[in-house]
Each structure stands twice: as C-alpha cells, then as structure tokens.
Amino acid sequence: DVVSWYDLLFLEERYRIRRLYLYALIYQLSNKARHEILVRLEVPGREHTAIIHELNEVKESLYTLASMKSPKPSEIYSKLIHLRLEALLFMMAVTTKKDTKQHLSSFISRLRMVTIRLGGKDLLGMGFEPGSKIGEMLEDLLMKRLDGQVHDRESELKYIRDTYLEEAPHTH
C-alpha cells in the first residue's frame, strides 16, 4: 500500500495517518456532507476549510494529471507542489491510472526535493535589480533544472546570462 511504500523511501517528512483516513472517509462526499462531518468531529475552522479545499484540489489534480500527455517534470512539479504530503499520498492511493501513479511517485520521491544552486544574492551580484523579477527568474531556473536543461551552478549561471542578462539594467 501507499503508506508502506512511502515509509520505505526513508524520507524525513512525516505524514499524519489520521488525515489520510479522514480523506478516505469523506472524499466521495459532497462539500456539504464533508462540512457536516467535519463540524461533528469538531475540526477547527481553519483546518476544516483547508481539508475541504484540499480534497477539491486532489480531485482536480488527479483529473489534470490523468489528462496530461507525456508531461515534463516541471509541469508535474507545478501542478503538485502546493499540495500537502497527505494529499499526495491519498492521490496515489485512489488513482487507478498507472501513468498518474508514476507521476505522483516521481514527484513525491524526487521532483519536490530538486533545488537550484543560485539564489537571489547571486542574481543581485550579476547586476539585476531587487524585486519580483528575481523570484520569477529563480522559478524559471528551477523549471529548467527539473527538466534537465541545467545541471549545476555553472550551467545555471550560463542560462541566466544567456536568457536574462540583456534585461539587466546595469551589467558588469
């Protein structure tokens, strides 16, 4: 089962088994019925809202993943990164589609841990102005890393130079 599979990955992030059981109990219900059960269980307001929202996200994400034809790792990442571990594990448990299970497995075990070597200070040091553009550039760089288009700090620097340097207001 999914929980045993995850445990055998020996990852540090822990899941809440009670949350998984709760998802299983109320997933097929309407939002109204979910709400009524969560009220009876005295789930606090913020968590109550989050559970209902997350189960709706699970349904939408499963549909999207199933309809994607040969998605790039960055597309899988972008679709799933906002979900909690419990939601991801629950999705693996309920889907019957092999491709969807593979995408979820790849995300849980590998893609969500991918990081880039450059940071905002590096980009500022290259002459880029502080602001939201720095975050957008770093996000773009992460997508390139996920898709295997950059592999190390040097290739990240080259990508940033080749793609954005002409946009820097004062380059060195």
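One can find the structure itself at the top, above this paragraph.
The sections below set out a description of the structure shown in this document. The model shown is predicted, which means the values in this text are computed figures rather than measured ones.

Parameters at a glance
Residues numbered from 1 in each chain as written. Predicted model: local features only at pLDDT ≥ 70, side-chain atom pairs only at ≥ 80, totals over all residues. Heavy atoms only, no water. Helix = DSSP H or I, 4+ residues; strand = E, 2+ residues; numbered from the N terminus. Rg over C-alpha atoms; globule rule 2.2 N^0.38 Å. Buried < 20%, exposed > 50% of the residue type's maximum accessible area, 1.4 Å probe, protein only. Contact = heavy atoms within 4.5 Å. Areas by Shrake-Rupley, 256 points an atom, 1.4 Å probe, with all protein chains shown as cover. Lys, Arg positive; Asp, Glu negative; His and termini not counted. Charge placed at Lys NZ, Arg CZ, Asp CG, Glu CD. Phe/Tyr/Trp six-rings, centres within 6.5 Å; stacked < 30°, edge-to-face > 60°. Core = buried A, V, L, I, M, F, W, Y, C linked by side-chain atoms within 4.5 Å. Expected span 1.5 Å × (residues − 1). Axes fitted to C-alpha atoms, helices over the stretch in contact; angles between N-to-C directions. Parallel < 35°, antiparallel > 145°, perpendicular 65-115°, else oblique. Left-handed = near helix turned anticlockwise from the far one by under 90°. Nonpolar A, V, L, I, M, F, W, Y, C, P; charged D, E, K, R; others polar.

Bringing the overall build of the chain into the picture now. On a plain count of helices and strands, the chain comes out with 10 helices and zero strands. Starting at the N terminus and ending at the C terminus, the chain contains elements arranged as α-α-α-α-α-α-α-α-α-α. Against the globule reference of 16 Å for 172 residues, the chain gives a C-alpha radius of gyration of 20 Å, more extended than a compact globule. Along the three orthogonal principal directions, the C-alpha set of the chain runs to about 65 × 35 × 30 Å. Within the span of the chain, comprising 172 residues, buried residues form 41% of the whole. Once local pairs closer than 6 in sequence are excluded, the contacts in the chain between residues at least 24 apart make up 64%. Counting only carbon and sulfur atoms, one obtains 54% of the accessible surface of the chain, whose full area is about 10,400 Å². For the chain, the distance from the average site of its 26 positive side-chain charges to the average site of its 25 negative ones is 6 Å.

Another aspect to go through is the packing of aromatic side chains. Inspection of every chain in the model, using the stated rule, returns five aromatic pairs. Ring geometry for Y23 versus F90: centroids 5.7 Å apart, planes at 70°, classification edge-to-face. In this pair, Y23 is assigned in helix α2 (residues 17-26) and F90 in helix α6 (residues 85-94), connecting sequence segments 67 residues apart. The buried category is assigned to Y23, whose relative accessible area is 0%. Residue classification places F90 among the buried positions, given a relative accessible area of 5%. Centroid distance Y159 to Y164: 6.4 Å. Interplanar angle 80°. Geometry classified as edge-to-face. Given the relative accessible area of 18%, Y159 is considered buried.

The subject of this paragraph is the environment of T64. With respect to the helices and strands, the residue T64 is situated in helix α4 (residues 45-67). Residue class for T64 comes out partly exposed when judged on its relative accessible area of 21%.

Within the largest apolar cluster, 49 residues are counted, with the highest numbers of intra-cluster contacts made by L80 and I160. Where this core is concerned, the elements lending two or more residues are α1 (2-7), α2, α4, α5 (73-80), α6, α7 (98-109), α9 (132-146) and α10 (153-164).

The next thing to look at is unusual backbone geometry. Residues other than glycine seldom take positive phi values, yet E42 does so here, at roughly 55°. Within the secondary structure, E42 is located in the loop between α3 (31-40) and α4. The exposed category is assigned to E42, whose relative accessible area is 68%. One non-glycine residue, S70, lies in the positive phi region at around 45°.

Right, let's get into α10. The terminal C-alpha atoms of α10 lie 16 Å apart, and with 12 residues this matches the ideal 16 Å at 1.5 Å per residue to within 8%. Listed as buried for α10 are S155, E156, L157, Y159, I160 and Y164. Elements in contact with the buried residues of α10: α8 (120-125) and α9.

This part covers the packing of α2 against α6. In contact at an axis separation of 9 Å, α2 and α6 are set at 50° when each is read in the N-to-C sense. Overall, the two elements α2 and α6 adopt an arrangement that is oblique. Here α2 runs over α6; the crossing is right-handed. Counting all contacts with α2, which are made through R19, L20, Y23 and A24, the residues of α6 involved are E86, A87, L89 and F90. When the residues that make up the contact of α2 with α6 are grouped by side-chain class, the tally is six nonpolar, no polar and two charged.

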